Amino acid sequence: MTKSSNCAAVAMFTGKANCPYYAKAELLADYLQTNLPNFRFHKITQQPDRWEQWLHDICETNGWEHRQSPIIWRELLDRGGKGQLLGGLNDFLEYAQRYYGITSMMLMEEMLDIAEENLQAYLEIVKDDEEIKSLIKPMQIWITSASVPICYHLIPLLANGEVFGMTTEISIHLLDTDQFKEILCGIVMEAEDMAFPLLRSISEHTKIDQAFIDADIIIVLDDVPLNLEVQSRENHIREVSEICQVYAPLIEKNAKSDVKVISSGKTFANLKATMLRTYGPSIRPENIIAIATSWESAAKAMLARKLNVNTAGVKDVIVWGNITGSSYIDLSHAKLYGYDCAIRGPPNFPRPLLNMIYDSEWIHSEFLSAQSTLSSRMSHCTGILPAHAIATVLRYWYHGSPSEEIVSVGVFSHGQFCIPEGIIFSMPVRFQNGNWEVMTELEINETTQKVLGRLSHELVQEKLVALKEISEMHPYEAE
């Protein structure tokens, strides 16, 4: 070994991940580092499509001339100063032979194999880095009308990791008017005190022009309380339309292109979703939904009490139509699990629910006419049920719903079940791979089809009234 081998040296290697010459240089450097105590090297692997720009930049910075992969330079730690360019592979081979008396005899076939391994290892590193970066940039969730009780109960459900997963951090943005700023500040303080590991930040917002910046998810909780003794239904619909006319352009402008928008609340859930799509045409229609799970859960609870079973054992109850208005609860596909009767089976053995209810009079006289009862219960609920419904649907959206189980969601109609296009209509769906699909394979009888026709007509008329009210208030915009 020559005297030069005793110098504290660092060799810097950079090349394309799939370059066989870079692979040969790297293997020789590994050998030198193992056998020479003062030799150190550091490698910087570059993605093939970024190599040319990287090479241009480093050569320009150091005043070097080099055009191929790899590029190798030598730095002497005990001398400092700018690195000394060695060149490419041939230059490094000559350097190793001259100073250390070592020669590499690697064949081209071996070089290509190692280059392929290098590329695959590099891609794995890039993938891991992207996953880490996704944690650094938390999911942005905006909640409107955030002073309502639903929001208060929703925040812990979103922040505990069960909805998006235990590796996904979130930032929550609470939006409401100035008059509710104190309430928002109180919610923020409580959430911070709870120290959720996955809650990166939570903040309050009262300036509408800053709403929905970088939003991944928007949960619209705005309600227009119905009071038909004070003003007409048309005026209520106009208020809903005005809210959406403000929100939709801001969503298009500020939110991410694939933002998911969820409409919930006690009134006009379908109409809010429909008008957000109408006034925000660039928002993906499949990414706007209305939550029907609260009504679905309440209906299951009524059935469970009648049958004296756990509510969790009632499945596949379908809520059709206008979620917070005229809807139809369909039991034709409903199933019952864990029912104690003469016929026994394993826990996953289902029974048709209608076959287990022997009091058909109760179904027609009480249950199917129970929409007003359910609406009354929803209007007086403290927010736990709708908050749980939102969290459940979001979990399904990101991780999939239970196999073969029906979920009722208000989605944009494309003519399924002969429902007119262009309205948000609650129908049976399943969630898979980050998307939902309508379960069009389900058979519906003639009676149900007639009911769907009536419900869809009501929603179409509701949309037309909303558009008419706005066009009369803003005739130039309508033109």
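Residues numbered from 1 in each chain as written. Predicted model: local features only at pLDDT ≥ 70, side-chain atom pairs only at ≥ 80, totals over all residues. Heavy atoms only, no water.

Trainee: How would you explain the packing of aromatic side chains if you had to name every residue and give the values?
Mentor: Inspection of the entire model under this criterion finds twelve aromatic pairs. Pairing Trp 397 with Phe 431 gives two aromatic rings, centres 6.3 Å apart and planes at 55°, and the pair type is tilted. Remark: Phe 431 occurs in strand β17 (residues 424–432) and Trp 397 occurs in helix α13 (residues 384–399); sequence separation between them is 34 residues. Given a relative accessible area of 1%, Phe 431 falls into the buried group. Seen from the ring of Tyr 398, Lys 260 lies directly overhead, with NZ or CZ sitting 5.0 Å from the centre. (Phe/Tyr/Trp six-rings, centres within 6.5 Å; stacked < 30°, edge-to-face > 60°. Helix = DSSP H or I, 4+ residues; strand = E, 2+ residues; numbered from the N terminus. Buried < 20%, exposed > 50% of the residue type's maximum accessible area, 1.4 Å probe, protein only. Lys NZ or Arg CZ within 6 Å of the ring centre and 35° of its normal.)

Trainee: Summarise the environment of Leu 158; cite the residues concerned and give the values.
Mentor: With respect to the helices, strands and loops of the structure, Leu 158 is situated in helix α5 (residues 149–159). Remark: the alpha-carbon pair of Leu 158 and Ala 391, spanning 233 residues in sequence, is separated by 6.6 Å. Dropping the residues within four chain positions of it, Leu 158 is found in contact with Ile 141, Ile 143, Val 163, Phe 164, Ile 170, Ile 172, Ile 219 and Leu 394. (Contact = heavy atoms within 4.5 Å.)

Trainee: Pulling in residues and values, what's your account of the nonpolar core?
Mentor: In terms of nonpolar packing, the biggest core is built from 57 residues, with Ile 143, Leu 158, Leu 174, Ile 219 and Leu 394 touching the most fellow members. In terms of residues, this core owes the most to one element, α13, which gives eight residues. In contact with Ile 219, other than residues within four places in its own chain, are Ile 141, Trp 142, Ile 143, Thr 144, Leu 154, Leu 158, Ile 262, Ile 390 and Leu 394. (Core = buried A, V, L, I, M, F, W, Y, C linked by side-chain atoms within 4.5 Å.)

Trainee: Summarise the environment of Ile 423; cite the residues concerned and give the values.
Mentor: Mapped onto the secondary structure, Ile 423 falls in the loop between β16 (407–412) and β17. Once the C-alpha coordinates of Ile 423 and Leu 271 are considered, the two residues, 152 residues apart in sequence, prove to be 8.1 Å apart. Here Ile 423 is in contact with Thr 274, Val 411, Phe 412, Ser 413, Ser 456, Leu 459, Val 460 and Lys 463, once residues within four sequence places are set aside.

Trainee: Quick rundown of the pattern of salt bridges? Include the residues and the values.
Mentor: Going through the model one piece at a time under the given rule, you end up with 15 salt bridges. The partner of Glu 204 in a salt bridge is Lys 181, and the shortest N-O contact between them spans 3.7 Å. Taken as a pair, Glu 204 in strand β7 (residues 199–205) and Lys 181 in helix α6 (residues 181–194) lie far apart in primary sequence, 23 residues in all. When its relative accessible area of 26% is taken as the criterion, Glu 204 is described as partly exposed. Of the charged contacts, one joins Arg 238 and Glu 242 as a salt bridge, the two residues approaching to 3.9 Å between their closest N and O atoms. Placement of both Arg 238 and Glu 242 in helix α7 (residues 233–254) is noted, with a separation of four residues, approximately one turn of the helix. Overlapping salt bridges, with partners in common, bring together Arg 430, Glu 437 and Glu 441 in one network. (Salt bridge = Lys/Arg side-chain N within 4 Å of Asp/Glu carboxyl O.)

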